[in-house]
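# Coordinates in review
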Amino acid sequence: MPKVDNQDYTRFTKRLKSLASPQIRIEISGVVNDYPVYRVLLHQGTGERKNILISAGVHGDEPAGPEVALRFLERDNTDLLEHFAFLILPCVNPCGYVHNTRENGHGIDINRSFESADVDVAEVNIVKQAIQGQRFDFFIDFHEDWEAVGFYLYEGQRDSRWMGPRIIRSVESIGQIDSESGENELPLADGVFQIDPAWGDAGMAPYIYHLHADHVMICETPTRWHLEQRITAHLTALDTALAIIQSTA
Ligand SMILES: [Zn+2]
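Description of the structure in this document. This one's a predicted model, so the numbers in the text were calculated from it and none came from an experiment.

## Looking at the overall build of the protein chain
Across its full length, the protein chain holds seven helices and nine strands. Relative to the 2.2 N^0.38 estimate, which gives 18 Å for 249 residues, the radius of gyration of the protein chain is 17 Å and therefore close to what a compact globule would have. For the protein chain, the spread of C-alpha atoms along the three principal axes comes to 45 × 45 × 35 Å. Scored against the burial criterion, the 249 residues of the protein chain give a buried share of 44%. For the protein chain, long-range pairs separated by at least 24 residues make up 75% of all intrachain contacts whose partners lie at least 6 apart in sequence.

## Regarding the pairing of strand E4 (residues 84-89)
Pairing analysis gives three bridges linking strand E2 (residues 35-42) to E4, with the strands arranged antiparallel. Of the residues in E4, the one forming a bridge with Leu42 is Phe86. Of the strand pairs in this sheet, strand E3 (residues 50-56) and E4 are connected by six bridges, and their pairing is parallel. When the sheet's bridge partners are listed, Asn51 is paired in E4 with Ala85.

## Side note on the environment of Arg166
Structurally, Arg166 is set in helix H5 (residues 164-171). By C-beta crowding, Arg166 is classed as partly exposed, having 17 other C-beta atoms within 10 Å. Spatially, the C-alpha atom of Arg166 lies 8.5 Å from that of Ala241, the residues being 75 residues apart in sequence. Dropping the residues within four chain positions of it, Arg166 is found in contact with Thr240 and Ile244.

## Points about the sheet that holds strand E5 (residues 138-145)
Spatial strand order, E1-E2-E4-E3-E5-E9-E6-E8-E7: nine strands in an open sheet with mixed pairing. The open sheet is flanked by strand E1 (24-32) and strand E7 (186-189), the only strands paired with a single partner. Neighbouring strand axes in the sheet, compared pairwise and without regard to direction, differ in orientation by 25 degrees on average. Relative to E2, E1 is paired through eight bridges, and the arrangement is antiparallel. Paired with Glu27 across the strands is Arg39, a residue of E2.

## A short note on helix H7 (residues 227-247)
Over its 21 residues, H7 extends 30 Å from the first C-alpha to the last, a length consistent with the 30 Å expected when each residue adds 1.5 Å. Burial in H7 covers these residues: Arg230, Ile231, Thr232, Ala233, His234, Ala237, Leu238, Ala241 and Leu242. As for H7, its buried residues are in contact with helix H2 (64-74), E4, E5, strand E6 (152-157), H5 and strand E9 (215-222).

## Considering the pairing of E5
Judged by how many residues are buried, E5 sits mostly within the fold: seven of eight residues are covered. In the sheet, E3 pairs with E5 via five bridges, with the strands oriented parallel. Paired with Ser55 across the bridge in E5 is Asp141. Two strands pair when backbone bridges link them, and E5 and E9 are joined in this way by seven bridges, in the parallel orientation. Bridge pairing in E9 places Asp141 opposite Ile218.

Cut-offs used in this document
Residues numbered from 1 in each chain as written. Predicted model: local features only at pLDDT ≥ 70, side-chain atom pairs only at ≥ 80, totals over all residues. Helix = DSSP H or I, 4+ residues; strand = E, 2+ residues; numbered from the N terminus. Rg over C-alpha atoms; globule rule 2.2 N^0.38 Å. Buried ≥ 20, exposed ≤ 12 C-beta atoms within 10 Å, placed from the backbone. Contact = placed C-beta atoms within 7 Å. Pairing = 2+ DSSP bridges. Axes fitted to C-alpha atoms, helices over the stretch in contact; angles between N-to-C directions. Expected span 1.5 Å × (residues − 1).

Laid out in structure tokens, this is it:
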């Protein structure tokens, strides 16, 4: 694994907190190893809205995701807020983020720990509490892959609407698509793999798919790309998904 500078969570927190506004409410969902885990509510106005859940930084050595969450919050989303309400977990694994590790401060992969009732993983409990009792129309989780040569995604849906192929077409102009499937992966289309119920609920996306959402997606950018390219790919995937949801609402 290439050596990458540790991420600065103090700077991350400062940037996040500076965004507080009538539209953006920033809350501390819990504290892990003295690091606050944030939950951000982004919404405006009343009336019917699609509920969107966004998470990033579950793996601490995948820095594009938390940066995407910040960039998304920093830009003007006025038009989107007429149709959507967002709950954002911008950095689920702050300890991993600081030390540039996939796992949390106890060497545990948070994204393999959602099912286990016998393992007490603080970050998992914080996420579960942050979304308790809520339903989401769509959940998107930003990840990165050290081995991939291009962008790809995993998708699961019960609303009869695969969005992956269209998202792949919109990301194609940003960089290569990685269609190589690994073990236990069900390819649906170029760069699109199915979130397989056979995986169980240990991962965050399968867990949320099981209990909180009818449509979920995991986006993966290749770490070998420049950071800006990875950020653009994730944001494009998110915007394309929102456009599809809006057009078919
Ligand atoms: Zn990951």
